Amino acid sequence: MINHNIMLKLEVNGDLMMTKPDLKKMTRQQLRSYVLAHREDDDAIEALIKRGNAGSPKYLFPQTEEDVQQMAEILRKKWESNQV
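Residues numbered from 1 in each chain as written. Predicted model: local features only at pLDDT ≥ 70, side-chain atom pairs only at ≥ 80, totals over all residues. Heavy atoms only, no water.

Engineer: Describe the overall build of the protein, and please don't skip the residues or the numbers.
Structural biologist: Broken down by element type, the protein carries three helices and two strands. Listing every helix and strand of the protein by position from the N terminus yields β-β-α-α-α. Scored against the burial criterion, the 84 residues of the protein give a buried share of 13%. A sequence separation of at least 24 residues applies to 19% of the contacts in the protein between residues at least 6 apart. A total of about 7400 Å² of accessible surface is found on the protein, and carbon and sulfur atoms cover 56% of it. (Helix = DSSP H or I, 4+ residues; strand = E, 2+ residues; numbered from the N terminus. Buried < 20%, exposed > 50% of the residue type's maximum accessible area, 1.4 Å probe, protein only. Contact = heavy atoms within 4.5 Å. Areas by Shrake-Rupley, 256 points an atom, 1.4 Å probe, with all protein chains shown as cover.)

Below is the structure:
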């Protein structure tokens, strides 16, 4: 459910045109729910992607051949753990 305190009203020449959420004031969960309900809203999708997920592991971009091999192993294990 969208909290009305985080909604922006867009006006053109004084006429109310539409109401759009203030994406910056939404929690990550609210933003995720909004994106799932409004998949055509590119601004909301971009905001969600940019916000990221604090709980996700962070990996450095591979710099050496050894780094590439380590990343390949991480991806292989991830792939295998998702296979049912």
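Engineer: Just give me the short version of the side chain of Asp 41, but keep the residues and values in it.
Structural biologist: Mapped onto the elements, Asp 41 comes out in the loop between helix H1 (28-37) and helix H2 (42-51). Asp 41 sits in the buried class, given a relative accessible area of 9%. At 3.2 Å, the side chain of Asp 41 and the backbone nitrogen of Asp 43 are in polar contact. Polar contacts involving the side chain of Asp 41 include one to the main-chain amide nitrogen of Ala 44, which spans 3.2 Å. Apart from the residues within four sequence positions on either side, Asp 41 is in contact with Lys 20 and Tyr 34. (Polar contact = N/O pair within 3.5 Å; in protein donor to acceptor, adjacent residues only side chain to side chain.)

Engineer: Outline the packing of H1 against H2, listing residues and values.
Structural biologist: The geometry of H1 relative to H2 is characterised by a closest axis approach of 9 Å and an angle of 145 degrees between their N-to-C directions. The handedness of the crossing between H1 and H2 comes out as left-handed. Of the residues in H2, those touching H1 at Arg 28, Leu 31, Arg 32, Tyr 34 and Val 35 are Ala 44, Ile 45, Ala 47, Leu 48 and Arg 51. For the contact of H1 with H2, the per-class residue count stands at seven nonpolar, no polar and three charged. (Axes fitted to C-alpha atoms, helices over the stretch in contact; angles between N-to-C directions. Left-handed = near helix turned anticlockwise from the far one by under 90°. Nonpolar A, V, L, I, M, F, W, Y, C, P; charged D, E, K, R; others polar.)

Engineer: Report on the nonpolar core, specifying residues and quantitative values.
Structural biologist: Among the nonpolar cores identified, the biggest contains seven residues, and these are Leu 23, Met 26, Leu 31, Tyr 34, Val 35, Ala 44 and Leu 48. Counting residues per element, this core draws most heavily on H1, which supplies three residues. Beyond its immediate stretch of four places on either side in the chain, Ala 44 contacts Leu 23, Leu 31, Tyr 34 and Val 35. (Core = buried A, V, L, I, M, F, W, Y, C linked by side-chain atoms within 4.5 Å.)

Engineer: I'd like to hear about H1, residue by residue, with values.
Structural biologist: The complete set of buried residues in H1 reads Leu 31, Tyr 34 and Val 35. Each buried residue of H1 sits inside an arc of 100 degrees when the element is viewed along its axis, so together they form one side. In H1, the exposed positions that point more than 90 degrees away from the buried face belong to Gln 29 and Ala 37. (Arc of directions from axis to C-beta.)

Everything listed is a geometric property; what it means functionally is a separate question.
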